[in-house]
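Given next are the chains, with one letter for each unit.
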Amino acid sequence: MAYWLLKSEPESFSWADQLARGAKGEPWTGVRNHQAKNFLKQMAIGDLAFFYHTGDEKQIVGVVEIIQTAYPDPTDPAWFAVDVMAREPLAKPISLATIKADPNLAELALVKSPRLSVQPVSDAHWQYLLDRG
């Protein structure tokens, strides 16, 4: 199993929206970066991802599960999408400021490549963040 972080602007699609989709899940569309596209193509059913709110919030708010592997993005078939389903909210969201202040997370992609909308998360960082959220 692999771990990821997926970013979404809460004004466009929020954690509450993801929860409302239930077991049906939701296509993760609109990724328009080649490196992020390649990460989508690496995802497998059962992989888990942090759901991260961008914009004013800048925080990890929940965990989603990949329920459909990469397929042509319905909003632009030249790109890819995956389907995700909400698993659980974090008991305590983890802000970007908290993440950046923690030296144990200095190598996290969110710190090193903050603009990337789809990012891998190492097993160690995944567990470390879950323990704090």
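Figured I'd write up the structure that's included with this text. (Residues numbered from 1 in each chain as written. Predicted model: local features only at pLDDT ≥ 70, side-chain atom pairs only at ≥ 80, totals over all residues. Heavy atoms only, no water.)

**Description of a negative patch on the surface**
A contiguous patch of negative charge, built from Glu 9, Glu 11, Asp 56 and Glu 57, is present on the exposed surface. Overall, the relative accessible area of 60% leaves Glu 11 in the exposed class. (Patch = residues over 30% accessible without salt bridge, like charges linked within 9 Å, V, L, I, M, F, W, Y side chains within 5 Å. Areas by Shrake-Rupley, 256 points an atom, 1.4 Å probe, with all protein chains shown as cover. Salt bridge = Lys/Arg side-chain N within 4 Å of Asp/Glu carboxyl O. Lys, Arg positive; Asp, Glu negative; His and termini not counted. Charge placed at Lys NZ, Arg CZ, Asp CG, Glu CD. Buried < 20%, exposed > 50% of the residue type's maximum accessible area, 1.4 Å probe, protein only.)

**Topic: the nonpolar core**
Counting 20 residues, the largest nonpolar core has Leu 6, Met 43 and Val 118 as its most contacted members. Other than its neighbours up to four places away in sequence, Met 43 contacts Trp 4, Leu 6, Ile 66, Thr 69, Val 82 and Val 118. The next biggest cluster of nonpolar side chains, apart from the first, holds 18 residues, and it includes Phe 50, Val 63, Leu 90 and Leu 110. (Core = buried A, V, L, I, M, F, W, Y, C linked by side-chain atoms within 4.5 Å. Contact = heavy atoms within 4.5 Å.)

**Observations concerning the pairing of strand β5 (residues 76-95)**
Taken together, the three bridges between strand β2 (residues 26-28) and β5 define a ladder with antiparallel strand orientation. Following the sheet pairing, Glu 26 is matched in β5 by Val 84. One ladder, built from 11 bridges, connects strand β4 (residues 59-73) with β5; its direction is antiparallel. Residue pairing for β5: Pro 72 is matched across the bridge by Phe 80. (Pairing = 2+ DSSP bridges. Helix = DSSP H or I, 4+ residues; strand = E, 2+ residues; numbered from the N terminus.)

**Remarks on helix α2 (residues 34-42)**
Ala 36, Lys 37, Phe 39 and Leu 40 are the residues of α2 that are buried. Down the axis, α2 shows its buried residues gathered within 160° of arc, on one side only. Projecting away from the buried face of α2 at angles above 90 degrees are the exposed residues His 34 and Gln 42. On its buried face, α2 sits against β1 (3-8), β4, β5 and β6 (118-121). The N-terminus of α2 is capped by Asn 33, whose side-chain oxygen sits 2.8 Å from the backbone nitrogen of Gln 35. (Arc of directions from axis to C-beta. Polar contact = N/O pair within 3.5 Å; in protein donor to acceptor, adjacent residues only side chain to side chain.)

**Some thoughts on the side chain of His 53**
When you line up the elements, His 53 lands in strand β3 (residues 48-53). When sequence neighbours within four positions are dropped, the list of residues in contact with His 53 reads Ser 8, Pro 10, Ser 14, Trp 15, Lys 58, Gln 59 and Val 61.

**Section: the packing of aromatic side chains**
For the coordinates displayed, the defined rule picks out six aromatic pairs. Seen from their ring centres, Tyr 3 and Trp 126 are 4.5 Å apart, and the 15° between their planes marks the pair as stacked. Within this pair, whereas Tyr 3 is found in strand β1, its partner Trp 126 is found in helix α5 (residues 123-132), the two being separated by 123 residues in sequence. Tyr 3 gets classed as buried once you look at its relative accessible area, which sits at 18%. Following the ring pairs from residue to residue traces out a cluster consisting of Phe 13, Trp 15, Trp 28 and Phe 51. Positioned above the aromatic ring of Trp 79 is the side chain of Lys 37, whose terminal nitrogen or guanidinium carbon lies 5.7 Å from the ring centre. Here the basic side chain of Arg 132 rests over the ring of Tyr 128, its NZ or CZ set 3.4 Å away from the ring centre. (Phe/Tyr/Trp six-rings, centres within 6.5 Å; stacked < 30°, edge-to-face > 60°. Lys NZ or Arg CZ within 6 Å of the ring centre and 35° of its normal.)

**Quick word on the sheet that holds β5**
Taken in spatial order, the six strands line up as β2-β5-β4-β3-β1-β6 in an open sheet, and their pairing is mixed. Two strands close off the open sheet at either side, each with one partner strand: β2 and β6. Averaged over all pairs of adjacent strands, the angle between strand axes in this sheet comes to 40°, irrespective of strand direction. Relative to β5, α2 is tilted by about 80°, and along the sheet it contacts β1, β4, β5 and β6. (Axes fitted to C-alpha atoms, helices over the stretch in contact; angles between N-to-C directions.)

**Considering the environment of Val 84**
Structurally, Val 84 is set in strand β5. Taking the relative accessible area as the measure of exposure, Val 84 reaches 0% and is therefore buried. Through-space distance from the C-alpha of Val 84 to that of Val 118 is 13 Å; in sequence the pair is 34 residues apart.

The values reported here are purely geometric and, on their own, carry no functional implication.
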